[in-house]
Amino acid sequence: MGQAGVKWGMIATWAMAYDGVKKSSGELKNNISAADALEMAIKEVENHPFYKSVGYGGLPNEQGIVELDAAFMDGDNFNIGAVAGMQDVKNPISVARKLSEQQFNRFLVGDGATAYAQKNGFERVNMLTESAKSIWEKRIEEMIKSELSPYDGHDTVGVVCLDAKTSMAAGTSTSGLFMKMQGRVGDSPLSGSGFYVDSEIGGATATGLGEDLMKGCLSYEIVRLMGEGLTPQQAADKAVYEFHDKLTKRKGKAGAMSLICMNTKGEWGVATNVEFPFVVATETEEPKIYVARKGDGHSTIIEEASQEWLDNHEE
């Protein structure tokens, strides 16, 4: 998908990324870096209190604590920074980006990640909103009354960005699986699983059930396939659906998995085994929300989100 030869582009998971993509793509027109644009886009989602799976307002773990995971990767030099299980820090993506500049200690978890953020002046915020707390309390009640499965909500915001200098960056941010066990980490901050980018090829990020996504290292696989000459759409279809089939055969089922990707030409691709909205903006395409779903065989059906769909799927 997309037109070949565009100077810049951005693709992001979920409709909740629309405002961030719109804001940062406007700056890409003014030649800001892929890294700056990506951080700007993800911070927009992290700061929004009504998005229940990322940042401020994210749904808590089984103990009622919001634990945050994020990662940043620079496609020019492969620098990676990541945090997992971090608490009370406003913008995990910014902490991850700062860590990517370190020579050592680039992936910090739990109290260590929180302490690093505080030491380096990142804003402290109680990330548990009253709304998220109410949802958590209701879920506890439902679990007691009806033996309902606790797990719901694992919508990572993931972004791949290409700038006018052909530099690329990839990043993710999430509060993880709702009602997760304390200390649980999914695929989002794990290189190769939740994200991967190479400025000479392209990048990819993932969203869905981390426990299954991390079994396939699908973000790296998509970039590898693009490097062998496949278009982004071909690479996404091949990596995602072949692994979906393999996991189904070996385990009996495959959890939700959706991946986005973009190459150095600004061409993009998406593959998913659920209904999956995403956002794209390029030099030749205004920010737009699309909806993808699995087609016949190893193919993906992608359509622009209709107004009816948008009205029925407010974040």
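Before reading on, note that the structure itself is shown above.
So, here's what we can say about the structure. (Residues numbered from 1 in each chain as written. Predicted model: local features only at pLDDT ≥ 70, side-chain atom pairs only at ≥ 80, totals over all residues. Heavy atoms only, no water.)

It is worth spelling out the overall build of the protein chain at this point. Within the protein chain, the secondary structure is distributed over 9 helices and 13 strands. What you see for the protein chain is a C-alpha radius of gyration of 18 Å, in line with the 20 Å of a compact globule of 315 residues. With respect to the three principal axes, the spread of C-alpha positions in the protein chain is 55 × 45 × 40 Å. Buried residues in the protein chain amount to 55% of all 315 residues. Within the protein chain, counting contacts between residues at least 6 apart in sequence, those at least 24 apart form 65% of the total. (Helix = DSSP H or I, 4+ residues; strand = E, 2+ residues; numbered from the N terminus. Rg over C-alpha atoms; globule rule 2.2 N^0.38 Å. Buried < 20%, exposed > 50% of the residue type's maximum accessible area, 1.4 Å probe, protein only. Contact = heavy atoms within 4.5 Å.)

This paragraph deals with the packing of helix α2 (residues 34–46) against helix α3 (residues 92–99). Two numbers describe a pair of packed helices, the interaxial angle and the distance between the axes. It is the contact of α2 with α3, at a shortest axis distance of 8 Å, that shows an interaxial angle of 150°. Judged by the angle between their axes, α2 and α3 are roughly antiparallel. From α2, A35, D36, L38, E39, I42, K43 and E46 reach across to α3, where they touch P92, I93, S94 and R97. Residue classes in the contact of α2 with α3 are distributed as 5 nonpolar, 1 polar and 5 charged. (Axes fitted to C-alpha atoms, helices over the stretch in contact; angles between N-to-C directions. Parallel < 35°, antiparallel > 145°, perpendicular 65-115°, else oblique. Nonpolar A, V, L, I, M, F, W, Y, C, P; charged D, E, K, R; others polar.)

A few words now on the nonpolar core. Within the largest apolar cluster, 83 residues are counted, with the highest numbers of intra-cluster contacts made by I11, I222, W268, V270 and F278. For I11, the contacting residues outside a window of four places in its chain are G158, V159, V160, I260, C261, M262, W268, G269, V270, F278, V279 and V280. Residues L59, A132, W136 and M179 belong to the second largest nonpolar core, which totals 5 residues. (Core = buried A, V, L, I, M, F, W, Y, C linked by side-chain atoms within 4.5 Å.)

Where helix α7 (residues 218–227) meets helix α8 (residues 232–251), the axes come as close as 8 Å, and the angle between the chain directions of the two elements is 140°. Classified by the angle their axes make, α7 and α8 are oblique. Note on packing geometry: the crossing formed by α7 with α8 is right-handed. For the pair formed by α7 and α8, the contact residues are L218, E221, I222, L225 and M226 on the first element and P232, A235, A236, K238, A239, V240 and F243 on the second. Broken down by class, the residue content of the contact of α7 with α8 amounts to 10 nonpolar, no polar and 2 charged. (Left-handed = near helix turned anticlockwise from the far one by under 90°.)

Take the sheet that holds strand β2 (residues 68–74) next. Here we have 9 strands laid out as an open sheet, ordered β4-β3-β2-β6-β5-β1-β11-β12-β13, and mixed in their pairing. Of all strands in the sheet, those with a lone pairing partner are β4 (107–109) and β13 (300–304), marking the two edges. With strand direction ignored, the average angle separating the axes of adjacent strands in the sheet is 15°. Those strands touched by α3 are β2, β3 (80–86), β4 and β6 (168–174), and its axis lies near 135° from that of β3. Sitting on the sheet, helix α4 (residues 110–119) touches β3 and β4, and the angle it makes with β3 is about 115°. (Pairing = 2+ DSSP bridges.)

On to the packing of aromatic side chains, then. In this structure the tally under the stated criterion is 6 aromatic pairs. Ring geometry for Y196 versus Y220: centroids 5.0 Å apart, planes at 80°, classification edge-to-face. You can see Y196 sitting in strand β7 (residues 195–198) and its partner Y220 sitting in helix α7, a full 24 residues away along the chain. Assessed through its relative accessible area of 16%, Y196 is described here as buried. An aromatic cluster of at least three residues, connected via ring pairs, comprises W14, W268, F276, F278 and Y290. One cation-aromatic arrangement involves K294 over Y241; the distance from NZ or CZ to the ring centre is 4.9 Å. (Phe/Tyr/Trp six-rings, centres within 6.5 Å; stacked < 30°, edge-to-face > 60°. Lys NZ or Arg CZ within 6 Å of the ring centre and 35° of its normal.)

Enumeration according to the criterion identifies 10 salt bridges in this entry. For D36, the salt bridge identified is with R97, shortest N-O distance 2.7 Å. Remark: R97 occurs in helix α3 and D36 occurs in helix α2; sequence separation between them is 61 residues. The exposure class of D36 is partly exposed, given its relative accessible area of 35%. Through salt bridges that share partners, D36, E39 and R97 make up one connected network. (Salt bridge = Lys/Arg side-chain N within 4 Å of Asp/Glu carboxyl O.)

On to the sheet that holds strand β9 (residues 257–263). Strand pairing in a sheet relies on backbone hydrogen bonds, with the paired strands running either antiparallel or parallel. Taken together, the 4 strands give an open sheet; going across it, the order is β7-β8-β9-β10, and neighbouring strands pair in antiparallel fashion. The open sheet terminates on both sides in strands that have one partner only, identified here as β7 and β10 (268–272). Each neighbouring strand pair of the sheet contributes to a mean axis angle of 10°, computed without reference to strand direction. Here 4 bridges tie β7 to strand β8 (residues 202–208), and the two strands are oriented antiparallel to one another. Each bridged residue has a counterpart across the sheet, and for D198 the counterpart in β8 is G202. Sheet strands touched by α7: β7, β8 and β9. Its angle to β8, the strand with the most contacts, is close to 150°. Sheet strands touched by α8: β9 and β10. Its angle to β10, the strand with the most contacts, is close to 15°.

For the rest of this paragraph, the subject is the pairing of strand β1 (residues 9–13). Counting buried positions along β1 gives 5 out of 5 residues, so the element sits mostly inside the fold. What you see with β1 is no split at all: G9, I11 and T13 on one side and M10 and A12 on the other are buried throughout. Two strands pair when backbone bridges link them, and β1 and strand β11 (residues 276–282) are joined in this way by 5 bridges, in the antiparallel orientation. Following the sheet pairing, T13 is matched in β11 by F278.

Interpretation note: all reported values are geometric properties and have no functional meaning in isolation.
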